[in-house]
Amino acid sequence: MKRIPRTRRRAFPLAAPFLFAALIAAPAAAEETDRTAPITECPREEIFPSYGAFLAELDRVTAIEDGEERVDALDALWLRLREANQVPFVAGDSVAFLYRGPARAVEWRGDWNGWGNGGPLGYGAGRRLGASDLWLCEAVFPLRARLDYKIVLNGSEWILDPVNPLRQVGGFGPNSELRMPGFVYPMETVRRPGGPRGRLEGPYTLPSAALGYDVNVLVYSPPGADTLSDMPVVFATDGHEYAADDMGSMVIVLDNLIGDGRIEPLTAVFIDPREVGVPSHNRRGEQYTAREDFLRFVCDELVPWTEGRYAVRRDAAGRCILGTSLGGLNAAYFGAMRPDIFRNLVVMSPAFRDWPEVIDRYRDLDPGGARVFLSDGLLGDIGDAARLAGVLEERRFDFYYVEMNEGHSWGQWRAVLDDAFLYLYGIGGDAASPRE
């Protein structure tokens, strides 16, 4: 099999690293998201020769003294911007977030500023232009960036950008989405009409002696599973979100990659952290923080249950544990504590704060046979994946590390699933590679 270089990156590095609480999420907006087909293309029309020319026009229009004339001119400009898909206005790496409406204060909170809780880029506070109802916040981002955000009115009312049609669903509801000019939509997350499809079965409710309560799981079987045997099996935490087409998109990604013959057919088990019958009670904070009882549930109860029902491999090299954020911590914890069960790890945007000794664990761990996929967002994560990647490099683990110009978001995680699966299960040398 083609050897995978230990480190690959698709990155637009910032001048300095940043550390802040990446687990902060925006409150859900009042609006309902349209959870239908994604908007894969939303081209902007260049209606000004430069960013400076756009700002000059804003200044001219908002400085008009006559109120009715100013409103008419601003209405006309606003219509031009909306028709050109230029709200927010983007030119090169410069961004102008815009909002029209009565307010005492307007802020833009998102991936880049910790959703208002601090970050490397302080952009957020808007300023009203003249006597108009137009608010402006300027920012500079990498050309390939993709970011989640919301508008906050008067310090407390969180809303989606009413003019921007782009959305990304998150664990706390939909967010507005900024796509910079160099961003390329991850088409592997889009379902192809008429393409081969696997089966998603369940939920199955499993009583757990280790946890003392029931757990729901969904199970994905690939196309043609009835004729297959000895398939790799992937266990995904936050399974209800990984399985959702508009969040983790994992079923779509697997269908596309398997259908194209790019990866081995595999089975996936989606572990739902929510209390059975009470979905508002999410136990991920109890389960994913280096917890021995959850480790025992997966290794000693869920793995045997899966092997008893599905034609999957029964060795550590055939199993993978996958997770993001606290789920990324959990995946690293499983790999460190039970390498006899899991030798393949997918660790996305990990948050090691609840088990900081994870780094030292990997300094002492035998790398033999382990394969680790790591990812981080340069505009919203805390750098724990990079720290672990450094240790894996020192210890000569077989690993693959990706950095994205994105935040702590399902938009990032779904976009690197193909990299993870191609690295771990690519066929005939079809392995993950950096995207230019």
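The residue count restarts for each chain, going from 1 along the sequence in the order it is written. Only residues with pLDDT of at least 70 get local features here, since the model is predicted, and only at 80 or more are side-chain atom pairs given and counted; chain-wide, interface and lining totals rely on the full set of residues. Computation of side-chain values covers all heavy atoms of the structure but excludes hydrogens and water.

**Some words on unusual backbone geometry**
Turning to step 1, where the next piece is worked out: Cis geometry is adopted by the peptide bond preceding Pro88, which originates at Val87 and carries an omega value of 0°.
Turning to step 2, where the next piece is worked out: Numbering of helices and strands runs from the N terminus; a helix is a DSSP stretch of H or I covering at least four residues, while a strand is a stretch of E covering at least two. With respect to the helices and strands, the residue Pro88 is situated in the loop between α2 (67–83) and β1 (89–91).
Turning to step 3, where the next piece is worked out: Following Gly202, the chain continues to Pro203 via a peptide bond in cis, the omega torsion being 10°.
Turning to step 4, where the next piece is worked out: Despite not being glycine, Asn85 shows a phi value in the positive range, around 55°.
Turning to step 5, where the next piece is worked out: Overall, the relative accessible area of 28% leaves Asn85 in the partly exposed class. We call a residue buried when its accessible area falls under 20% of the maximum for its residue type, exposed when it is over 50%, and partly exposed in between, using a 1.4 Å probe and counting protein chains only.

**A closer look at the sheet that holds strand β13 (residues 267–272)**
Turning to step 1, where the next piece is worked out: A pair of strands is treated as paired once DSSP finds two or more bridges between them. With mixed pairing, the eight strands of this open sheet are ordered in space as β10-β11-β13-β12-β16-β17-β18-β19. Edge positions in the sheet fall to β10 (199–208) and β19 (398–404), since each has one partner strand and no second. Averaged over all pairs of adjacent strands, the angle between their axes in this sheet comes to 15°, without regard to strand direction.
Turning to step 2, where the next piece is worked out: Of the pairings in the sheet, the one linking strand β12 (residues 233–236) to β13 comprises four bridges and is parallel in character. Counted as the bridge partner of Val234 is Ala268 from β13.
Turning to step 3, where the next piece is worked out: Contact criterion: two residues are considered in contact whenever any of their non-hydrogen atoms come within 4.5 Å of each other. Lines are fitted to the C-alpha atoms to define the axes, a helix being fitted only along its stretch in contact, and any angle between axes, read from their N-to-C directions, falls within 0 to 180 degrees. Sheet contacts for helix α11 (residues 417–425): β12, β16 (319–324), β17 (344–348), β18 (371–377) and β19; angle to β18, the most-contacted strand, approximately 165°.

**Some details on the packing of aromatic side chains**
Turning to step 1, where the next piece is worked out: Paired rings are identified among Phe, Tyr and Trp, the last through its six-membered ring, by centres lying within 6.5 Å, and are further divided according to the angle between planes into stacked (under 30 degrees), edge-to-face (over 60) and tilted (the rest). One pass over the full model with this rule turns up 28 aromatic pairs.
Turning to step 2, where the next piece is worked out: On the basis of an interplanar angle of 75° and a centroid distance of 6.1 Å, the ring pair of Phe48 and Phe89 is categorised as edge-to-face. With a gap of 41 residues between them, Phe48 in the segment before α1 (51–62) and Phe89 in strand β1 connect regions that are remote in the sequence.
Turning to step 3, where the next piece is worked out: Charge over a ring is defined by NZ of Lys or CZ of Arg lying within 6 Å of the ring centre and within 35 degrees of the ring normal. For Arg283, the ring lying beneath its charged end belongs to Tyr213, and the centroid distance is 3.6 Å.
Turning to step 4, where the next piece is worked out: When the ring centre of Tyr204 is taken as reference, the NZ or CZ atom of Arg309 above it lies at 4.7 Å.

**Some thoughts on the sheet that holds β1**
Turning to step 1, where the next piece is worked out: Across the sheet, which stays open at both edges, the four strands sit in the order β1-β2-β5-β4 with antiparallel pairing between neighbours. Strands at the two margins of the open sheet, each flanked by one partner only, are β1 and β4 (127–128).
Turning to step 2, where the next piece is worked out: The pairing of β4 with strand β5 (residues 134–140) spans two bridges and is antiparallel. Bridge assignment links Arg127 to a residue of β5, and that residue is Leu136.
Turning to step 3, where the next piece is worked out: In this fold α2 packs onto β1, β2 (94–100) and β5, with an angle of close to 125° to the strand it touches most, β2.

**Points about the environment of Ile252**
Turning to step 1, where the next piece is worked out: Of note, Ile252 is situated in helix α4 (residues 250–259).
Turning to step 2, where the next piece is worked out: A relative accessible area of 4% places Ile252 in the buried class.
Turning to step 3, where the next piece is worked out: Sequence separation between Ile252 and Thr189 is 63 residues, and the spatial gap between their C-alpha atoms is 5.8 Å.

**A few points about α2**
Turning to step 1, where the next piece is worked out: Under the 1.5 Å per step criterion, the end-to-end length of α2 is 24 Å for 17 residues, consistent within 8% with the ideal 24 Å.
Turning to step 2, where the next piece is worked out: For α2, the full list of buried residues reads Arg70, Leu74, Leu77, Trp78 and Leu81. Projection of α2 onto a plane perpendicular to its axis shows the buried side chains occupying an angular sector of 105°, all on one side. Exposed and oriented more than 90 degrees from the buried face of α2 are Glu68, Asp72 and Glu83.
Turning to step 3, where the next piece is worked out: Looking one or two residues beyond α2, the residue adopting positive phi is Asn85, at roughly 55°. Expected helix span is computed as 1.5 Å times (number of residues minus one). The arc in question is the one spanned by the directions pointing from the helix axis to the C-beta atoms.

**Considerations on the pairing of β18**
Turning to step 1, where the next piece is worked out: Most of β18 sits inside the fold, with seven of its seven residues counted as buried.
Turning to step 2, where the next piece is worked out: Covered by surrounding structure in β18 are Arg371, Phe373, Ser375 and Gly377 together with Val372, Leu374 and Asp376, the residues of both alternating faces.
Turning to step 3, where the next piece is worked out: Strand direction decides the pairing type here: β17 and β18, joined by five bridges, are parallel. By the bridge assignment, Asn344 is partnered in β18 with Arg371.
Turning to step 4, where the next piece is worked out: After leaving β17, the chain enters helix α8 (residues 358–363) and then returns to the sheet as β18, a path that is right-handed.
Turning to step 5, where the next piece is worked out: Note that β18 and β19 share seven bridges and pair parallel. Among the inter-strand pairings, Leu374 is bridged to a residue of β19, identified as Tyr401. Handedness rule for crossovers: strands pointing away from the viewer, path from the first strand over the helix to the second running clockwise, crossover right-handed.

**Quick look at the pairing of strand β8 (residues 167–170)**
Turning to step 1, where the next piece is worked out: Pairing analysis gives four bridges linking β8 to strand β9 (residues 173–179), with the strands arranged antiparallel. When the sheet's bridge partners are listed, Arg167 is paired in β9 with Ser176.
Turning to step 2, where the next piece is worked out: Between β8 and β9, which pair antiparallel and follow one another directly, the connecting turn spans two residues.

**Looking at helix α6 (residues 292–309)**
Turning to step 1, where the next piece is worked out: Under the 1.5 Å per step criterion, the end-to-end length of α6 is 25 Å for 18 residues, consistent within 8% with the ideal 26 Å.
Turning to step 2, where the next piece is worked out: Along α6, the largest kink reaches about 35° and is centred on Leu302; proline Pro304 follows within four residues of it.
Turning to step 3, where the next piece is worked out: Along α6, the residues classified as buried are Asp293, Phe294, Leu295, Phe297, Val298, Cys299, Leu302, Val303, Thr306 and Glu307. The reported bend at a residue is simply the angle between two axes, fitted to the 7 residues ending at it and to the 7 residues beginning with it.

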